[in-house]
Amino acid sequence: MKNIALFLILVIFLYSCKSKSNIITSKIEAEKRGIYSLPQSKKVIAKNDKTTKPSEPKSTKKSKLNEKNEDDYVVSDDDTSYLIKQLINTAAANLGANYKPGGTTSEGYDCSGLMYATFKKFDIILPRSSVDMAKIGDKISTDAIKKGDLIFFKTNGRNVINHVGMVIEINDDEIKFIHSSTQKGVIISSTKEPYYEKSFSQVNRIL
């Protein structure tokens, strides 16, 4: 009986230690949580034409979910512009990539490098640093934030912006954003997390 009691105590302890983090570190996990959905067909945006949606291919065969699909995710909301859907789609394709100081490729990104590389694919050239990105576009009030906006933080304990991500979802007073974190690489985080709630600075609309 003593051994059984010790075993039950151990099981209860292990269950109580189970992580309850809302951080999303992979595309498959993001899909399971309903943030994204697989596209029914690959969509290509014409170079130097960011406003015209090309005609849909006839094929409706659904892609198989994996970590290497080139056209993995699209946001399903109809009120989100096609270009913004593709920007989020492009950034989300890098979920799980490593953090790399100065990185702008799939081998690794820093926070501004992920935003720079994502927008560059659509011929939109952003400044290279987060502090300079915060100086362009229009500063948006928290009640007017939309998907595709850039969200900025001051995480270094000083009154200087040093971190940036892209807004991908807004739920009441919670903002979810994709970014490259120094500890976990490219992930989806929330302003409800104490670290980002405390260090939040501003949101800018680039498009």
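Everything here concerns the structure above.
Residues numbered from 1 in each chain as written. Predicted model: local features only at pLDDT ≥ 70, side-chain atom pairs only at ≥ 80, totals over all residues. Heavy atoms only, no water.

**Details of the overall build of the protein chain**
Phase 1: Counting its secondary structure elements, the protein chain contains six helices and eight strands.
Phase 2: Scanning the protein chain from its N terminus toward the C terminus, one meets helices and strands in the order α-α-α-β-β-α-α-β-β-β-β-β-α-β.
Phase 3: Residues classed as buried in the protein chain amount to 43% of the 207 residues present.
Phase 4: Considering only contacts in the protein chain between residues 6 or more positions apart, those separated by 24 or more positions represent 56%.
Phase 5: A total of about 12300 Å² of accessible surface is found on the protein chain, and carbon and sulfur atoms cover 53% of it. (Helix = DSSP H or I, 4+ residues; strand = E, 2+ residues; numbered from the N terminus. Buried < 20%, exposed > 50% of the residue type's maximum accessible area, 1.4 Å probe, protein only. Contact = heavy atoms within 4.5 Å. Areas by Shrake-Rupley, 256 points an atom, 1.4 Å probe, with all protein chains shown as cover.)

**Details of the packing of aromatic side chains**
Phase 1: Counted according to the given criterion, the structure contains five aromatic pairs.
Phase 2: Look at Phe177 and Tyr196: their rings are 5.2 Å apart centre to centre, the planes differ by 85°, and that puts the pair in the edge-to-face class. Here Phe177 is found in strand β6 (residues 174-181), whereas its partner Tyr196 is found in helix α6 (residues 194-199), with 19 residues between them in sequence. For the pair Phe177 and Tyr196, one class covers both residues: buried.
Phase 3: Note on Tyr195 and Tyr196: the rings are 5.0 Å apart at their centroids and 80° apart in plane angle, and the pair reads as edge-to-face.
Phase 4: Accessibility expressed as a relative area gives 48% for Tyr195, which makes it partly exposed.
Phase 5: Overall, Tyr196 belongs to the buried group, its relative accessible area being 8%.
Phase 6: Feature note: the residues Phe153, Phe177, Tyr195, Tyr196 and Phe200 constitute an aromatic cluster, connected by ring pairs. (Phe/Tyr/Trp six-rings, centres within 6.5 Å; stacked < 30°, edge-to-face > 60°.)

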